[in-house]
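Tertiary structure, described
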Amino acid sequence: MPTALAVLNAGSSSLKFSLYVERNGALDLEVRGQVEGLYTAPRFVAKSADGTLLGEEAWPEGTQLGHAGALDHLFAHLRAEHADITIAGVGHRVVHGGLDYTQPVRVDAGVLTTLEKYIPLAPLHQPHNLSPIKLIAERTPQLPQVACFDTSFHRSNPEVAQMFGLPYAMYQEGVRRYGFHGLSYEYIASVLPQVDARAAAGRTVVLHLGNGASMCALQGGRSVASSMGFTAVDGLMMGTRSGSLDPGVVLYLMDQRGMDVRAIEKLLYNGSGLLGVSGIASDMRTLLASDAPRAKLALDLYCYRIRRELGAMAAVLGGVDALVFTAGIGENAAPIRARVCADAAWLGVELDAATNEAHGPRISTADSRVSAWVVPTNEELMIARHTRRVLAQ
Ligand code: ADP
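These numbers were taken from a predicted model, which means no experiment stands behind them.

Around the ligand sit Gly 210, Asn 211, Gly 212, Asp 283, Met 284, Arg 285, Ala 327, Gly 328, Ile 329, Asn 332 and Ala 333, and those are all the residues in its vicinity. Separating an oxygen atom of the ligand from a backbone N or O atom of Arg 285 is a distance of 3.2 Å. The backbone of Gly 328 places a nitrogen or oxygen atom 2.9 Å from an oxygen atom of the ligand. Elements supplying a minimum of two residues to the shell around the ligand: α11 (284-289) and α13 (327-332). The dominant element in the shell around the ligand, judged by the number of residues it contributes, is α13, at four residues. Of the residues in the shell around the ligand, the class split is four nonpolar, five polar and two charged.

Given below as C-alpha cells:
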C-alpha cells in the first residue's frame, strides 16, 4: 500500500490541499485541490497532477461549512477515492514561526501553544493556519503533523536586516523584520543548482509576484534580506496590499480621519495595492487587458516599486548575478517581466524578448551580464519534503 503525505494550506476562506505519494524515493503529486468559500458558498474541487477532474462538490449559498466541515469532506473524499493510499503525515503551511522556529517542527501540544502565541503577529493568517492542525490533533491524534513556516527561511538574515530603528527592547520582544514567502524562496533556492550554477552560488534576487508579492536577496542560496518585514503588508505593492508606507500615514489616518485599527487594517490589506490605485481590479490579467488610465497608473506604480526595491536588494548584495521571477505574475505576466528587466538594465540585465514571451526558463540574452530566469515555485512540494524529513527523524 503506497504511503502519502498530505499538505494543507488553510486561509480565512479556503482550504487548499495536496497529496504526495512516495514512489522510489520521490514525492509524486497524486491529487490537489481546495475547498473555497468556506463561509459563503463552499465549493470543493480535486484534480490529478495533469489537471483531470477527480472530484467536485458545491454547497448552497449561505452554507457555513467552515474549516471543520471542509476537513471532514476532504478526508472522506480521500478515503473513498484514494482508498489504497495510507496518509503517513500532514504538513501545514503556517505563516509565522516567530523567533522559536528556524526550521519546520513536528507539532505536539506544547508547539501548538507556542504557535498560538504568534496569533497577534499575524492575526489575519495564523488562526486559520492553526485551525486544521487543532482539528486533526483532536480527531486523529495518532496522525503526525508538521508545521512549516513562511518566516523560517529568513532567520538567516543578519541582525541589521531584521531590525527597525525602534528602541532595542522592542526588537528583543519580537518587533522585527521577519520576512515571508519563505517556503517559496526555499523551494527556488533548492532547484537553482539545476537551473544555473552561477545563480545558485552567487547573488540572486528572487521576485515572488503573486497576489502577495515580495523579493528576497539570496547569497549562495541563503536569504540575506527580504522586502517583507514585521508583517506581509510591507515591501512591494501587491494585489490589494499597500506595501511599504510611511508610518506617518497611519498616524494621520488615526488622528485626522478617526480610523480605528480594524478600518486601517482593511484599507492596507484589502483596499490598497493594484485594486486601490486602479479602482478596477487586483488581478494582473484584468489590468494588463485594460486601457483605462488608472489601470496603467497602477501598473506603473507596481513596476516602479519593484525597481526601487530591486535597487535596495542589489545594494545589500553588493551587485547581482541573477534575477528569478516566480508565482502567478512572475511566471505568467511577460509584459511585467519585460518592464522589470528594462528597469534593471543599469544592473546589466538584457532581456531576450522571444524567450520572455515563451516564459523562459532563461529570459536574458546569452551576453547579458546578469541572467534572468522564470522558475515556477512549488511551496506544497517544499512542505511535503520537509514533512517527510521531519517525520523520518
Ligand atoms: P497567490 O499569491 O494567491 O498564490 P498567485 O501566485 O496565483 O497568487 O498569483 C495571482 C496573480 O497572478 C494574479 O494577479 C493573476 O492575475 C496573475 N496571473 C496569473 N496568470 C496570469 C497570466 N497569464 N498573465 C498575467 N497575470 C497572471
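Right, picking up where we left off after that structure.
Take unusual backbone geometry next. Gly 360 connects to Pro 361 through a cis peptide bond whose omega is 10°. Structurally, Pro 361 can be placed in the loop between α15 (353-357) and β13 (371-374). Of note, Ala 327 is a non-glycine position whose phi angle comes to about 75°, a positive value. Note on placement: Ala 327 falls in helix α13. Note on Ala 327: relative accessible area 6%, which makes it buried.

Attention now moves to the sheet that holds strand β3 (residues 26-36). An order of β5-β4-β3-β2-β1-β6-β8-β7 is seen for the eight strands of this open sheet, with the pairing classed as mixed. Pairing within the sheet leaves two strands with one partner each, and these edge strands are β5 (53-58) and β7 (105-106). Where strand β1 (residues 3-10) and strand β6 (residues 86-94) come together, six bridges link them in parallel fashion. Residue pairing in the sheet places Thr 3 in a bridge with Thr 86 of β6.

Helix α3 (residues 126-139) packs onto helix α2 (residues 109-117) with a crossing angle of 165° between their chain directions and a minimal axis gap of 10 Å. As judged from the angle between their axes, α2 and α3 are roughly antiparallel. The way α2 lies across α3 gives a crossing that is left-handed. Contact with α2, carried on its side by Leu 112, Leu 115 and Glu 116, involves Gln 126, Leu 130, Ile 133 and Lys 134 of α3 and no other residues of that element. Partitioning the contact of α2 with α3 into residue classes produces four nonpolar, one polar and two charged.

Conventions used here
- Residues numbered from 1 in each chain as written.
- Predicted model: local features only at pLDDT ≥ 70, side-chain atom pairs only at ≥ 80, totals over all residues.
- Heavy atoms only, no water.
- Near = heavy atom within 4 Å.
- Polar contact = N/O pair within 3.5 Å; in protein donor to acceptor, adjacent residues only side chain to side chain.
- Helix = DSSP H or I, 4+ residues; strand = E, 2+ residues; numbered from the N terminus.
- Nonpolar A, V, L, I, M, F, W, Y, C, P; charged D, E, K, R; others polar.
- Buried < 20%, exposed > 50% of the residue type's maximum accessible area, 1.4 Å probe, protein only.
- Pairing = 2+ DSSP bridges.
- Axes fitted to C-alpha atoms, helices over the stretch in contact; angles between N-to-C directions.
- Parallel < 35°, antiparallel > 145°, perpendicular 65-115°, else oblique.
- Left-handed = near helix turned anticlockwise from the far one by under 90°.
- Contact = heavy atoms within 4.5 Å.

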